[in-house]
Amino acid sequence: MSNNSKTIAAILAGAAVGAAIGILFAPDKGSKTRAKIKEGIDDAKHNLQDSFEASSEVLREKFTSATQNLDGTLTDLLSNVSHKTEEVITFLETKLADLKAQNAKLQK
(Lines give C-alpha, C1' and ligand atoms only; values in the text may rest on other atoms or scores of the structure.)
Protein backbone atom coordinates (compact mmCIF):
# COMPACT_ATOMS: atom_id res chain seq x y z
CA MET A 1 0.00 0.00 0.00
CA SER A 2 1.47 3.37 -0.93
CA ASN A 3 1.93 6.28 1.45
CA ASN A 4 -1.00 8.13 -0.13
CA SER A 5 -3.30 5.14 0.37
CA LYS A 6 -2.17 4.78 3.98
CA THR A 7 -2.76 8.47 4.59
CA ILE A 8 -6.24 8.33 3.05
CA ALA A 9 -7.13 5.23 5.10
CA ALA A 10 -5.87 6.91 8.30
CA ILE A 11 -7.89 10.06 7.59
CA LEU A 12 -11.03 8.04 6.89
CA ALA A 13 -10.56 5.97 10.05
CA GLY A 14 -9.98 9.13 12.10
CA ALA A 15 -13.06 10.76 10.65
CA ALA A 16 -15.16 7.68 11.43
CA VAL A 17 -13.90 7.54 15.02
CA GLY A 18 -14.46 11.28 15.47
CA ALA A 19 -17.98 11.05 14.08
CA ALA A 20 -18.80 8.10 16.35
CA ILE A 21 -17.50 9.91 19.44
CA GLY A 22 -19.40 13.06 18.49
CA ILE A 23 -22.61 11.08 18.05
CA LEU A 24 -22.18 9.30 21.39
CA PHE A 25 -21.83 12.58 23.29
CA ALA A 26 -24.62 14.40 21.47
CA PRO A 27 -27.87 14.78 23.47
CA ASP A 28 -30.22 12.59 21.44
CA LYS A 29 -32.49 9.58 21.92
CA GLY A 30 -30.84 6.15 22.01
CA SER A 31 -32.58 4.96 18.85
CA LYS A 32 -31.47 8.05 16.94
CA THR A 33 -27.93 7.68 18.28
CA ARG A 34 -27.83 4.02 17.22
CA ALA A 35 -29.14 4.98 13.77
CA LYS A 36 -26.48 7.67 13.44
CA ILE A 37 -23.76 5.25 14.54
CA LYS A 38 -24.99 2.70 11.99
CA GLU A 39 -24.96 5.37 9.26
CA GLY A 40 -21.45 6.39 10.30
CA ILE A 41 -20.26 2.79 10.19
CA ASP A 42 -21.90 2.28 6.81
CA ASP A 43 -20.24 5.45 5.48
CA ALA A 44 -16.86 4.37 6.84
CA LYS A 45 -17.34 0.91 5.32
CA HIS A 46 -18.14 2.42 1.90
CA ASN A 47 -15.21 4.83 2.13
CA LEU A 48 -12.85 2.00 3.09
CA GLN A 49 -14.18 -0.14 0.26
CA ASP A 50 -13.67 2.72 -2.22
CA SER A 51 -10.15 3.24 -0.92
CA PHE A 52 -9.43 -0.49 -1.22
CA GLU A 53 -10.76 -0.60 -4.79
CA ALA A 54 -8.66 2.43 -5.75
CA SER A 55 -5.55 0.89 -4.21
CA SER A 56 -6.27 -2.42 -5.95
CA GLU A 57 -6.55 -0.65 -9.30
CA VAL A 58 -3.23 1.13 -8.74
CA LEU A 59 -1.58 -2.19 -7.86
CA ARG A 60 -3.07 -3.86 -10.94
CA GLU A 61 -1.74 -1.07 -13.17
CA LYS A 62 1.73 -1.28 -11.58
CA PHE A 63 1.76 -5.07 -11.94
CA THR A 64 0.72 -4.82 -15.58
CA SER A 65 3.40 -2.22 -16.24
CA ALA A 66 6.04 -4.31 -14.46
CA THR A 67 5.00 -7.39 -16.44
CA GLN A 68 5.28 -5.50 -19.72
CA ASN A 69 8.69 -4.13 -18.73
CA LEU A 70 9.85 -7.63 -17.79
CA ASP A 71 8.60 -9.02 -21.10
CA GLY A 72 10.48 -6.30 -22.99
CA THR A 73 13.65 -6.87 -20.98
CA LEU A 74 13.43 -10.63 -21.53
CA THR A 75 12.94 -10.14 -25.28
CA ASP A 76 15.97 -7.82 -25.41
CA LEU A 77 18.05 -10.28 -23.41
CA LEU A 78 17.12 -13.19 -25.65
CA SER A 79 17.92 -11.11 -28.72
CA ASN A 80 21.33 -10.17 -27.32
CA VAL A 81 22.07 -13.78 -26.38
CA SER A 82 21.08 -14.88 -29.87
CA HIS A 83 23.47 -12.36 -31.45
CA LYS A 84 26.28 -13.37 -29.09
CA THR A 85 25.63 -17.04 -29.85
CA GLU A 86 26.02 -16.33 -33.55
CA GLU A 87 29.28 -14.49 -32.85
CA VAL A 88 30.60 -17.42 -30.80
CA ILE A 89 29.61 -19.95 -33.48
CA THR A 90 31.29 -17.86 -36.19
CA PHE A 91 34.44 -17.55 -34.04
CA LEU A 92 34.51 -21.32 -33.39
CA GLU A 93 33.96 -22.12 -37.07
CA THR A 94 36.90 -19.86 -37.97
CA LYS A 95 39.12 -21.50 -35.34
CA LEU A 96 38.04 -24.97 -36.54
CA ALA A 97 38.90 -24.05 -40.14
CA ASP A 98 42.33 -22.81 -38.97
CA LEU A 99 42.93 -26.02 -37.02
CA LYS A 100 41.90 -28.15 -40.02
CA ALA A 101 44.32 -26.19 -42.21
CA GLN A 102 47.15 -26.67 -39.69
CA ASN A 103 46.34 -30.36 -39.39
CA ALA A 104 46.34 -30.74 -43.18
CA LYS A 105 49.84 -29.18 -43.33
CA LEU A 106 51.11 -31.58 -40.66
CA GLN A 107 49.73 -34.62 -42.50
CA LYS A 108 51.61 -33.87 -45.76
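Each chain carries its own residue numbering, running from 1 in the direction its sequence is written. Owing to the predicted nature of the model, reporting of local features is limited to residues with pLDDT of at least 70; listing and counting of side-chain atom pairs is limited to 80 or more, with chain, interface and lining totals taken over all residues. Processing note: side-chain calculations cover all non-hydrogen atoms of the structure and skip hydrogens and water entirely.

### Side note on the overall build of the chain
And then number 1: Segments assigned H or I by DSSP are reported as helices when at least four residues long, segments assigned E as strands when at least two residues long, and all are numbered from the N terminus. Tallying secondary structure elements over the chain gives two helices and zero strands in all.
And then number 2: Each of the three principal axes of the chain carries a C-alpha extent, and together these read 115 × 15 × 15 Å.
And then number 3: Relative to its 108 residues, the chain shows a buried fraction of 6%.
And then number 4: In short, Shrake-Rupley with a 1.4 Å probe defines the accessible areas, and a residue's cover is counted only from the protein chains shown. Put simply, the chain shows about 9,200 Å² of open surface, and 63% of that area lies on carbon and sulfur atoms. Between buried and exposed lies partly exposed: a residue is buried under 20% and exposed over 50% of the maximum accessible area for its type, with that area taken using a 1.4 Å probe on protein chains only.

### Thoughts on the pattern of salt bridges
And then number 1: Any carboxyl oxygen of Asp or Glu that lies within 4 Å of a side-chain nitrogen of Lys or Arg is treated as forming a salt bridge with it. What the rule picks out here adds up to three salt bridges.
And then number 2: Note that K38 is salt-bridged to D42, the shortest N-O span being 3.0 Å. Of the two residues, K38 and D42 both sit in helix 2 (residues 30-107), four residues apart, roughly one turn of that helix.
And then number 3: For K38, a relative accessible area of 51% gives the class exposed.
And then number 4: You can call D42 partly exposed: its relative accessible area is 26%.

### Description of helix 2
And then number 1: Here, expected helix span is obtained from the residue count minus one, scaled by 1.5 Å. Between its first and last C-alpha, helix 2 extends 111 Å over 78 residues, near the 116 Å set by a 1.5 Å rise per residue.
And then number 2: Within helix 2 the residues assigned to the buried category are T33, S51, S55 and S56.

### Focus on the environment of A15
And then number 1: Note that A15 resides in helix 1 (residues 3-25).
And then number 2: What makes A15 partly exposed here is its relative accessible area of 46%.
And then number 3: In sequence terms A15 and A44 are 29 residues apart; their C-alpha atoms lie 8.4 Å from each other.

### Digging into a nonpolar patch on the surface
And then number 1: On the surface, V17, I21, L24 and F25 cluster together into a nonpolar patch covering about 450 Å² of accessible area.
And then number 2: Tracing the backbone through its elements, the reader meets V17 in helix 1. The patches described consist of residues with a relative accessible area above 30% and no salt bridge, like charges being joined within 9 Å and nonpolar side chains (Val, Leu, Ile, Met, Phe, Trp, Tyr) within 5 Å.

### A word on the environment of K32
And then number 1: Positionally, K32 belongs in helix 2.
And then number 2: A sequence separation of 44 residues divides K32 from D76, and the C-alpha atoms of the two residues are 66 Å apart.

### Details of the side chain of S51
And then number 1: With respect to the element layout, S51 can be found in helix 2.
And then number 2: Note on contacts: a residue pair is in contact if any heavy atoms of the two residues lie within 4.5 Å. Among residues more than four places away in sequence, those in contact with S51 are I8 and L12.

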